[in-house]
Amino acid sequence: MIGIAFSVKDPAGKGIADFIKNYYSLEKSDECKNAVECYVGKNFYLVGFREDVIYFEFLDERIPENTKEYIILSRHSSTKGIKSYTVHHTGNFGEALYGGRKRALAVANPITAHKLLKLLRNNCIDAGKDAEYEVSYEATHHGPTENDKPLCFIEIGSTLSEWKDPVNHKIVGQAVIELLEDPKHVCREIAIGIGGGHYPRKHTALAIQENICYGHIMAKYALSYLNDEMLSLMTERCMPKPRTIIVEKKGTRREHREIIEKYVEVENMIVRYI
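Reading guide: rules and limits
Each chain carries its own residue numbering, running from 1 in the written order of its sequence. Only residues with pLDDT of at least 70 get local features here, since the model is predicted, and only at 80 or more are side-chain atom pairs given and counted; chain-wide, interface and lining totals rely on the full set of residues. Processing note: side-chain calculations cover all non-hydrogen atoms of the structure and skip hydrogens and water entirely. Fitting a line to C-alpha atoms yields each axis, with helices limited to the stretch in contact; the angle taken between N-to-C directions then spans 0 to 180 degrees. Secondary structure elements follow DSSP: runs of H or I of four or more residues count as helices, runs of E of two or more count as strands, with numbering from the N terminus. By definition in this entry, angles of less than 35 degrees are roughly parallel, angles greater than 145 are roughly antiparallel, angles of 65 to 115 are roughly perpendicular, and the rest are oblique. For a crossing to be left-handed, the near helix must be turned anticlockwise from the far one by less than a right angle; the clockwise case is right-handed. Throughout, a residue-residue contact means that at least one pair of heavy atoms, one from each residue, lies within 4.5 Å. Classification convention: Asp, Glu, Lys, Arg as charged; Ala, Val, Leu, Ile, Met, Phe, Trp, Tyr, Cys, Pro as nonpolar; all other residues, Gly among them, as polar. Think of a polar contact as two N or O atoms within 3.5 Å of one another; within protein, one of them needs to be a possible hydrogen donor and the other a possible acceptor, and neighboring residues in sequence only count if both atoms come from side chains. Relative accessibility decides the category of a residue: with a 1.4 Å probe and only protein chains considered, values under 20% of the type maximum give buried, values over 50% give exposed, and everything between is partly exposed. Two strands qualify as a pair provided that DSSP identifies no fewer than 2 bridges between them. By definition, the crossover connecting two strands over a helix is right-handed if that path, from the first strand to the second, turns clockwise as seen with the strands pointing away from the viewer.

1. Side note on the packing of helix H3 (residues 110-126) against helix H5 (residues 166-181)
Now for step 1: Interaxial distance between H3 and H5 falls to 9 Å at its minimum, and their mutual angle equals 130°. Relative to H5, the element H3 is oriented oblique. Considering only the axes of H3 and H5, their crossing is right-handed. Note on element contacts: H5 touches H3 through Ile171, Val172, Gln174, Ala175, Val176, Glu178 and Leu179, opposite Thr112, Lys115, Leu116, Leu119, Leu120, Asn123 and Cys124.
Now for step 2: Taken together, the residues that form the contact of H3 with H5 break down as 9 nonpolar, 3 polar and 2 charged.

2. Looking at the side chain of Asp10
Now for step 1: Relative to the elements of secondary structure, Asp10 occurs in the loop between strand E1 (2-7) and helix H1 (11-24).
Now for step 2: Within the structure, Asp10 has its side chain in polar contact with the backbone nitrogen of Ala12 (distance 3.0 Å).
Now for step 3: Within polar-contact distance, the side chain of Asp10 engages the backbone nitrogen of Gly13 at 3.3 Å.
Now for step 4: Residues within four places of Asp10 in sequence aside, it is in contact with Gly15, Leu73, Ser74 and Arg75.

3. Digging into the pairing of strand E11 (residues 212-218)
Now for step 1: Along E11, 7 of the 7 residues are buried, which leaves the element largely enclosed by surrounding structure.
Now for step 2: Two elements, strand E10 (residues 189-194) and E11, share 5 bridges in a ladder whose sense is parallel. Of the residues in E11, the one forming a bridge with Ile194 is Met218.
Now for step 3: You can see the chain leave E10, run along helix H6 (residues 201-210) and come back into E11, and the turn it takes is right-handed.

Here's what the structure looks like:
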């Protein structure tokens, strides 16, 4: 089973959830603990909570234990107001300003995240939104960090107008439904990413073009936290484990690349520069 969670106070997450609920004609269930809304599908739970999504540290306790992974439906905010459909993993390379623990990462789900990214891109193009909306990975950021099962976010950005738009609910909701109907997905390789902006466009393009599935991505602004311990955490908190570290060369300095190159040599991994 896949756990699909959202905040009932979030117009984007609630709108996507309602689209999925109506698509499957789901009836309310009492199988979820301390939930405002709980629905059970053939291979998923759809669960709404009062808390904001960045504080969903309780999913292992509140969603039935036969759940193998989580997908969080959410809004995305951008100071630049970029219209977007995004996918990302969660965690804090440094301080925990927006949920989770400091220097802690959730378990990344690179295969599910990559499939959602490709489905979002296809649905965006099919809806004629590709000139208006960006489809992208985001770098790892915010909570939750403490659940034991893999987790990824799928989001609508970036203002209330986009969050409330039923067309966007359908584009994102349909991507989730397509994954539920056919969850199998083959990646050419599993990787973690270093460098690039919060919207890591080079990593996103590579993922689409070469079928590379990313776990955690550390943006350029977080590189002050790059060390062996954090690289180990990025690798270990990823299921399945990555064997490649992909580095945006222009977004890193020599000292960063030296840390990475020494790490991959010891860990018998591969480093690739883009």
